[in-house]
Amino acid sequence: MSRASKLTLLGTSLFAGSMVMFVHFQQKYEKEAMHQGVVRDMEQQRIKRERQLDFDMQRELEAEYKKDQTVHDGSNESRGIGVGIGSGPGSRGGNGTGANTGPTTTTSVAGR
């Protein structure tokens, strides 16, 4: 065999061997990455189940507390606060509807 054919055979053999190794390591890396995705999905499902259990437990506690006691939503209207603003003592007139029915006076502050 000539020297050129030996170098060609050696070059193609090295190239083929390196491609086989590259593909092997590439597949190994992809398999590990896919496995990590499965592990991550399982962890997310576990966290979701825990959160759902916590939510269900809180819902049961809320139902139990509502059964035992009266619960208000905390808005001002449910306690009577803020109803009829503007018609109590110290107000500047009006009928509580927000309509301006009385005379108005304005003070100019431009000269100060």
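See the structure printed just above.
Our subject in this report is the structure included herewith. Not measured: the values here are computed from a predicted model.

**What about the pattern of salt bridges?**
- Applying the stated rule across the entire model yields four salt bridges.
- Across the pair Arg 46 and Glu 43 runs a salt bridge, and its minimum N-O distance is 2.3 Å. Of the two residues, Arg 46 and Glu 43 both sit in helix H1 (residues 3–68), three residues apart, roughly one turn of that helix.
- For Arg 46, a relative accessible area of 32% translates into the label partly exposed.
- For Glu 43, a relative accessible area of 37% corresponds to the partly exposed category.
- Between Glu 62 and Lys 66 there is a salt bridge, with its nearest N and O atoms 3.2 Å apart. With Glu 62 and Lys 66 both in helix H1, this residue pair falls four residues apart, about one helical turn.
- The exposure class of Lys 66 is partly exposed, given its relative accessible area of 48%.
- Salt bridges sharing common partners tie together Glu 43, Arg 46 and Glu 50.

Reading guide: rules and limits
- Residues numbered from 1 in each chain as written.
- Predicted model: local features only at pLDDT ≥ 70, side-chain atom pairs only at ≥ 80, totals over all residues.
- Heavy atoms only, no water.
- Salt bridge = Lys/Arg side-chain N within 4 Å of Asp/Glu carboxyl O.
- Helix = DSSP H or I, 4+ residues; strand = E, 2+ residues; numbered from the N terminus.
- Buried < 20%, exposed > 50% of the residue type's maximum accessible area, 1.4 Å probe, protein only.

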